[in-house]
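# Overview (structure and organization)
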Amino acid sequence: MTLDLRDLAALPDPLPIQPVPGPLDADVVVPGSKSITNRALVCAALAEGTSVLRGALAADDVAAMVDVLGAVGVDVAADGDVLTVTGCAGRPAPASGSIDVRQSGTTARFSLPLLALGDGTYDVTAHPQMKARPMGATLDALVALGAGIEAVGPSGHLPVRVRAGSRSGGEVAVPGDASSQFLSGLLLAAPCADDAVVVRLTTDLVSRPYVDLTVAVMEAFGATVERPDDRTFVVAPTGYRAVDYAIEPDASAASYPLAAAAVCGGRVRVLGLTDRALQGDTAFADLLAAMGATVTRDRRGTEVRVERGALTGGRFDLTHVSDTAPTLACVAPFADGPVVVEGIGFIRHKEIDRVAAVAGELRGCGIDAREDADGWTIRPGPVRPAVVETYEDHRMAMSFSLLGLGAAGIAIAGPDCVAKTFPGYWQVLDSLSGGSVTAARQ
């Protein structure tokens with residue numbers, strides 16, 4: 001999969017954000033869900049036969065997954081937002097060189113269990129940012145299931161060498177409070193083991209909707225997952241069947257245009273994110289409703305309508321919708337009282353320490369933002385001009401652009417980092433006041 005990023009490369013750095021003086025009135029199309037696209041790619045890759053994925057995201061995180069699959073003999077042909085995947089029937093081929101998961105956490109944590117099903121030895125490396133993120137839960141679980149893991153760098157991190165050997169199934173324990181991606185990666189590979197795989201959580205699960213999403217995608221490809229209790233998952237050795245699968249719009253990406261309505265006032269509808277959407281981050285709209293927005297979900301999409309200046313503060317637990325926490329933090333300065341965000345201490349181990357980074361950049365914009373152990377306390381106030389450092393984190397760039405819609409003088413450093421999940425983001429932002437926006441699904 002190739003991405004045309006020439007438009008991103010041509011952007012000024014830092015990128016000035018133009019305030020929007022009047023209420024918004026826009027229908028928006030956001031790209032396909034990254035979470036669903038990468039999960040469906042794994043299922044299709046391990047299936048027997050050829051699957052078609054419709055509405056897929058074209059972005060760096062998906063390109064990273066496609067490249068990993070290509071390295072182990074899985075052909076993925078792209079035609080716009082349609083991916084045709086020729087599966088390997090649960091047996092990835094040996095790789096001729098090293099495998100680079102780049103900056104993608106989903107690719108890293110989903111591909112290692114997949115590689116452990118294969119034949120031979122796989123050398124897996126990553127971007128320095130991904131190398132700093134924890135991988136110990138996945139690596140320890142694969143060792144417990146019979147794979148050979150050789151550390152090439154610091155223990156519990158990439159790069160590693162994977163010697164295949166976890167096909168026999170069995171029982172394994174993993175923590176639930178670090179990242180749901182560890183559990184999801186193990187579940188995605190499990191149907192291709194020779195016997196049932198039982199995964200037991202040693203702690204309560206964060207971001208549970210993402211695991212529910214994993215199971216829903218697996219079942220669409222023919223897997224069987226039983227959950228006898230909240231901490232146990234039993235996956236039968238069914239393998240996967242090839243299917244024609246539709247991918248819904250990305251709910252995390254939708255949080256930004258919906259939040260723009262909260263900041264600027266007016267109405268924004270994300271088309272296609274319907275009342276039947278699977279993703280947990282659709283609950284972001286409910287957070288805006290708790291702050292005073294009117295939210296409508298139907299078969300056309302999700303709409304947020306707000307009177308400018310009508311947002312209220314409050315206390316919000318974002319344990320299960322943590323990717324939208326920076327979005328809410330950048331809405332908070334426009335509320336009428338303090339906004340407390342809690343339950344997200346684990347996002348310190350995302351692309352960056354998002355708790356510290358968000359608080360620090362808000363303070364740089366003149367906002368009283370206190371970094372708490374598991375979130376922030378943000379007090380509203382006037383936003384002052386500033387250049388926001390994004391630390392190569394796509395969610396920092398997109399979230400802090402919202403400040404620039406509501407206040408003059410905000411510029412975003414490193415704006416091209418949005419290519420990770422939403423290459424067309426800046427075109428959408430530029431067009432929000434124009435009435436109808438389409439983010440190209442490249």
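Residues numbered from 1 in each chain as written. Predicted model: local features only at pLDDT ≥ 70, side-chain atom pairs only at ≥ 80, totals over all residues. Heavy atoms only, no water.

### Considering the overall build of the chain
For clarity, the cut-off: For helices the rule is a DSSP run of H or I covering at least 4 residues; for strands it is a run of E covering at least 2, with both sets numbered from the N terminus onward. Computation of the radius of gyration draws on C-alpha atoms alone. For the globule rule, the value is 2.2 Å times the number of residues to the power 0.38. For every residue, the accessible area obtained with a 1.4 Å probe (protein chains only) is divided by the maximum for its type, and the residue is called buried under 20%, exposed over 50%, and partly exposed between those limits. Whether two residues are in contact is decided by their heavy atoms: any pair within 4.5 Å suffices.
Summing up its helical and strand segments, the chain has 14 helices and 24 strands in all. Taking 442 residues into account, the globule formula puts the C-alpha radius of gyration at 22 Å, and the chain, at 21 Å, falls close to it. Overall size of the chain, expressed as C-alpha extent along the three principal axes, is 60 × 45 × 40 Å. Expressed as a percentage of the 442 residues in the chain, the buried residues total 58%. In the chain, the share of contacts with a sequence separation of at least 24, taken over all contacts with a separation of at least 6, comes to 75%.

### Observations regarding helix 2 (residues 34-46)
To keep things clear, this is the line we draw: What a helix should span is 1.5 Å times the count of its residues minus one. Polar contact is the term for a pair of N or O atoms within 3.5 Å; when the atoms are in protein, one must be able to donate a hydrogen and the other to accept it, and sequence-neighboring residues count only if both atoms are side-chain atoms.
The end-to-end C-alpha distance of helix 2 is 18 Å, a good match for the 18 Å that 13 residues give at a rise of 1.5 Å each. Of all 13 residues in helix 2, 13 are buried, a share of seventy percent or more. Where helix 2 begins, the capping side chain belongs to Ser 33, and its oxygen is found 3.3 Å from the backbone nitrogen of Ser 35.

### Notes on the packing of aromatic side chains
The criterion, for reference: When the centres of two rings from Phe, Tyr and Trp lie within 6.5 Å, Trp using its six-membered ring, the rings pair. Their planes under 30 degrees apart give stacked, over 60 give edge-to-face, and anything left gives tilted.
Enumeration according to the criterion identifies five aromatic pairs in this entry. For the ring pair Phe 422 and Tyr 425, a centre distance of 5.3 Å and an interplane angle of 70 degrees mean the geometry is edge-to-face. Counting every residue linked through ring pairs, the aromatic cluster contains Tyr 256, Phe 422, Tyr 425 and Trp 426.

### Structural notes on the sheet that holds strand 18 (residues 314-317)
As a reminder of what qualifies: Only strands that DSSP links by at least two bridges are regarded as paired with each other. Axes here refer to lines fitted to C-alpha atoms; in helices the fit is confined to the stretch in contact. Angles between the N-to-C directions go from 0 to 180 degrees.
Spatially, four strands are ordered 18-19-21-20 in an open sheet, and the strand pairing comes out mixed. Two strands lie at the open edges of the sheet, namely strand 18 and strand 20 (368-372), each paired on one side alone. Between one strand axis and the next, the sheet turns through 15 degrees on average, direction left out of account. Contacts from helix 12 (residues 354-364) reach strand 20 and strand 21 (375-379), with the element oriented near 165 degrees to strand 20.

### Observations regarding the confidence of the model for the chain
Rules: Scored from 0 to 100, pLDDT records how confident the predictor is in each individual residue.
On average, residues of the chain score 94 in pLDDT, and 97% of them are at 70 or above. Contacts of residues 436-442 to residues separated by more than four positions or lying in other chains number 26 contacts, the stretch itself having pLDDT below 50.

### Here's the deal with the pairing of strand 18
Where we set the bar: For a crossover, the right-handed case is the one in which the path from the first strand over the helix to the second runs clockwise, viewed with the strands pointing away from the viewer.
As defined by bridge partners, strand 18 adjoins strand 19 (residues 339-342) across four bridges and the pair is classed as parallel. What sits directly across from Asp 317, in strand 19, is Glu 342. Handedness of the β-α-β unit built from strand 18, helix 11 (residues 325-331) and strand 19 comes out right-handed.

### A short note on the nonpolar core
Quick note on the threshold: The set of buried Ala, Val, Leu, Ile, Met, Phe, Trp, Tyr and Cys residues whose side-chain atoms join them within 4.5 Å is what this entry labels a nonpolar core.
Leu 362, Trp 376 and Trp 426 are the most contacted members of the largest nonpolar core, which totals 81 residues. Dropping the residues within four chain positions of it, Leu 362 is found in contact with Ala 329, Cys 330, Pro 333, Ile 367, Ala 369, Ile 378, Phe 400 and Leu 403. Ranked by size, the runner-up nonpolar core spans 74 residues in total, among them Ala 40, Val 160, Cys 192 and Val 197.

### Some points on a negative patch on the surface
Under the convention used in this document: Candidates for patches are residues over 30% relative accessible area with no salt bridge; among them, like charges are joined within 9 Å and nonpolar side chains (Val, Leu, Ile, Met, Phe, Trp, Tyr) within 5 Å. Only the protein chains shown count as cover for residues, and the accessible areas themselves come from Shrake-Rupley with a 1.4 Å probe. Each reported salt bridge corresponds to a side-chain nitrogen of Lys or Arg within 4 Å of a carboxyl oxygen of Asp or Glu. Counted charges follow a simple rule, with Lys and Arg positive, Asp and Glu negative, and His plus the chain ends left uncounted. Lys charges are placed at NZ, Arg charges at CZ, Asp charges at CG and Glu charges at CD.
On the surface, a cluster of negative charge is made up of Asp 13, Glu 389, Glu 392 and Asp 416. Tracing the sequence through the fold places Asp 416 in the loop between strand 23 (410-412) and helix 14 (425-431).

### Overview of the side chain of Arg 267
Following the sequence through the fold, Arg 267 ends up in strand 15 (residues 266-271). A relative accessible area of 13% means that Arg 267 is categorised as buried. Once residues within four sequence positions are removed from consideration, Arg 267 is found in contact with Leu 24, Asp 25, Ala 26, Asp 27, Ala 261, Glu 303, Val 304 and Arg 305.

### A short note on the packing of helix 7 (residues 180-189) against helix 8 (residues 208-220)
This is how it is decided: In what follows, roughly perpendicular refers to angles from 65 to 115 degrees, roughly parallel to angles under 35, roughly antiparallel to angles over 145, and oblique to any angle outside these ranges. Left-handed describes a crossing whose near helix is turned anticlockwise from the far helix through less than a right angle; right-handed describes the clockwise counterpart. Ten residue types, Ala, Val, Leu, Ile, Met, Phe, Trp, Tyr, Cys and Pro, are classed as nonpolar, four, Asp, Glu, Lys and Arg, as charged, and the remainder, Gly among them, as polar.
Direction vectors running N to C along helix 7 and helix 8 enclose 15 degrees, while the axes themselves pass 9 Å from each other. The angle between helix 7 and helix 8 falls in the class roughly parallel. For the pair helix 7 and helix 8, the crossing hand works out as right-handed. Packed against helix 7, whose contacting residues are Ser 180, Leu 183, Ser 184, Leu 187 and Leu 188, the element helix 8 presents Tyr 210, Val 211, Thr 214, Val 215 and Met 218 at the interface. Of the residues assigned to the contact of helix 7 with helix 8, the class counts are seven nonpolar, three polar and no charged.

### Quick word on unusual backbone geometry
Look at the link from Asp 13 to Pro 14: it is a cis peptide, with omega at 5 degrees. Structurally, Pro 14 is set in the loop between helix 1 (6-9) and strand 1 (15-16). Cis peptide bonds are those with omega within 30 degrees of zero, and the linkage from Leu 158 to Pro 159 qualifies with 5 degrees. As for its placement among the helices and strands, Pro 159 is situated in the loop between strand 8 (148-151) and strand 9 (160-163). Unlike most non-glycine residues, Ala 89 shows phi in positive territory, near 55 degrees. Its place among the elements puts Ala 89 in the loop between strand 5 (82-86) and strand 6 (99-100).

### Quick word on the state of the cysteines
Short version of the rule: By disulfide we mean two sulfur atoms from cysteines, separated by a distance within 2.5 Å.
Within the structure shown, the criterion is met by zero disulfides. With no disulfide of its own, Cys 417 lies closest to Cys 330 among cysteine sulfurs, the gap being 13 Å. Overall, the relative accessible area of 11% leaves Cys 417 in the buried class.

### Things to note about the environment of Ala 408
Counting through the fold element by element, Ala 408 comes out in the loop between helix 13 (394-406) and strand 23. Setting aside anything within four residues of it in sequence, one finds Ala 408 in contact with Pro 19 and Pro 385.

### Points about the environment of Val 243
For Val 243, the location among the structural elements is in the loop between strand 13 (232-235) and strand 14 (244-246). With a relative accessible area of 15%, Val 243 lands in the buried category. Once the C-alpha coordinates of Val 243 and Asp 79 are considered, the two residues, 164 residues apart in sequence, prove to be 17 Å apart. Once residues within four sequence positions are removed from consideration, Val 243 is found in contact with Ser 51, Val 52, Ala 220 and Phe 221.

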